[in-house]
Amino acid sequence: NHQAHYISRQRFSAELSKCLFDFVIQLLPTPEELAVKEDVRKLLERLIRTIEPNSRLLSFGSTANGFSLRNSDMDLCCLIDSGERLSATDLVTMLGDLLNRETKFHVKPLPHARIPIVKLSLDPSPGLPLGIACDIGFENRLALENTRLLMCYAMIDPTRVRTMVLFLKVWSKRRKINSPYKGTLSSYGYVLLVIYFLVHVKNPPVLPNLQMLPPLRPISEEDTHLNGHNIWFFDDIELLSTRWHSENTESIAELLTDFFRYFSKEFLYNTGVASIREGLLTKESKGWQNDLSSAGYNDSRERNRFCIEDPFEVDFNVSRCVTRDGLYTIRGEFMRAGRILAGRPERALLALSQLCE
Ligand code: GTP
Ligand code: MG
């Protein structure tokens, strides 16, 4: 009986893994969509160069890290290589005017935001049934580096890592727990949770800790630091594959089920910090206790309810926007998802559609 149960469980898990894989494949952007986005990037780059001839416009976020879903927005970053620099505020204002004059984009410059950006959108058209949304920021080199780090993690085990991440992104969007503005977690936050789980929770680990592997050759301080942040990580994934491989053979479904179990029951939300650089840390060691006394009476946005350390900006809590209610909702969703996956529905597909209802 035990064995029969085990075999049926294995079969369910294999079937569910296949379904998860097929499910995310059909949500990937089409080659046409990627081509249109690249054209948009080039067009915008040409226009920006009329203001700043030495600038480059680079993609970051999901369009660049391999975790992109169909119709996801574009994150672009303008780097200025040399010469007299305009301030980000002036650039945003000038670029806003220029794009308004020269293009069909709806343009919204935010020159006085904490990080000045220009927001753009394009209405749906036959080639682009859902339009395009795009943010252009300036000199955000850390974002380019963390994009590269996530991309490297995806490359190490594309099937398991990408399927898990993409599934969590779709699931969190459908369950409406993917809006930092409404007190829940950004996509970036969910991706960091998956990597934290695969590097530090799973034993044997599914992924190595790229920031802690020994470098191949000595590297100087200036090569590894950007604005005081250590941005070094092992990025030669081809070479890595000759030296490191995971002993972990769990399927996508098993990993995902365990991910939901871990983040509904085990993770120490009150005292713990998820760090992909160092594993589980304490709020106390980082000075990130939830300070309920200093949060105003009506301020449900105490910043450290949920703590995820940025891989490079280690003083920065990526989930600082998560409110008490937001965290309660997220954990409730983790539990619901874990329950659905751990039960034994007749068919895997049913479980999946239930999950993303
Ligand atoms: P979708 O837009 O939902 O497809 O997801 P995404 O992968 O593009 O993630 P998101 O839009 O949340 O973030 C885009 C990029 O911005 C990330 O890859 C990071 O490089 C950067 N980013 C987003 N949020 C933060 C943050 O809180 N801190 C830092 N340092 N970078 C962030
Ligand atoms: Mg994005």
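Residues numbered from 1 in each chain as written. Chains lettered and ligands numbered in written order. Predicted model: local features only at pLDDT ≥ 70, side-chain atom pairs only at ≥ 80, totals over all residues.

### Quick notes on the domain arrangement of the protein chain
Here the protein chain is partitioned into domain 1 (31-140) and domain 2 (157-207 + 246-355). Relative placement of domain 1 and domain 2: their C-alpha centres are 30 Å apart. Contacts between the two partners involve 4 residues from domain 1, matched on the other side by 7 residues from domain 2. Partitioned by chemical class, the residues of the side of domain 1 that touches domain 2 number 2 nonpolar, 2 polar and no charged. (Domains from an automatic or database assignment. Contact = placed C-beta atoms within 7 Å. Nonpolar A, V, L, I, M, F, W, Y, C, P; charged D, E, K, R; others polar.)

### Re the packing of helix 2 (residues 31-51) against helix 4 (residues 88-102)
Two elements in contact, helix 2 and helix 4, have axes whose closest approach is 10 Å; the angle formed by their N-to-C orientations is 125°. Judged on the interaxial angle alone, helix 4 and helix 2 are oblique. At the point where helix 2 passes helix 4, the crossing takes the right-handed sense. Facing helix 2, whose interface residues are L47, I48 and I51, helix 4 presents M94, L95, L98, L99 and E102. In terms of residue class, the contact of helix 2 with helix 4 is built from 7 nonpolar, no polar and 1 charged. (Axes fitted to C-alpha atoms, helices over the stretch in contact; angles between N-to-C directions. Helix = DSSP H or I, 4+ residues; strand = E, 2+ residues; numbered from the N terminus. Parallel < 35°, antiparallel > 145°, perpendicular 65-115°, else oblique. Left-handed = near helix turned anticlockwise from the far one by under 90°.)

### Focus on the sheet that holds strand 10 (residues 308-309)
Strands sit in the order 9-8-10 across an open sheet of 3 strands; the sheet is mixed. On the outer flanks of this sheet lie strand 9 (279-282) and strand 10, each paired with one strand and no other. As paired elements, strand 8 (residues 272-275) and strand 10 share 2 bridges and run parallel to each other. Bridging across to strand 10, A274 finds its partner in I308. (Pairing = 2+ DSSP bridges.)

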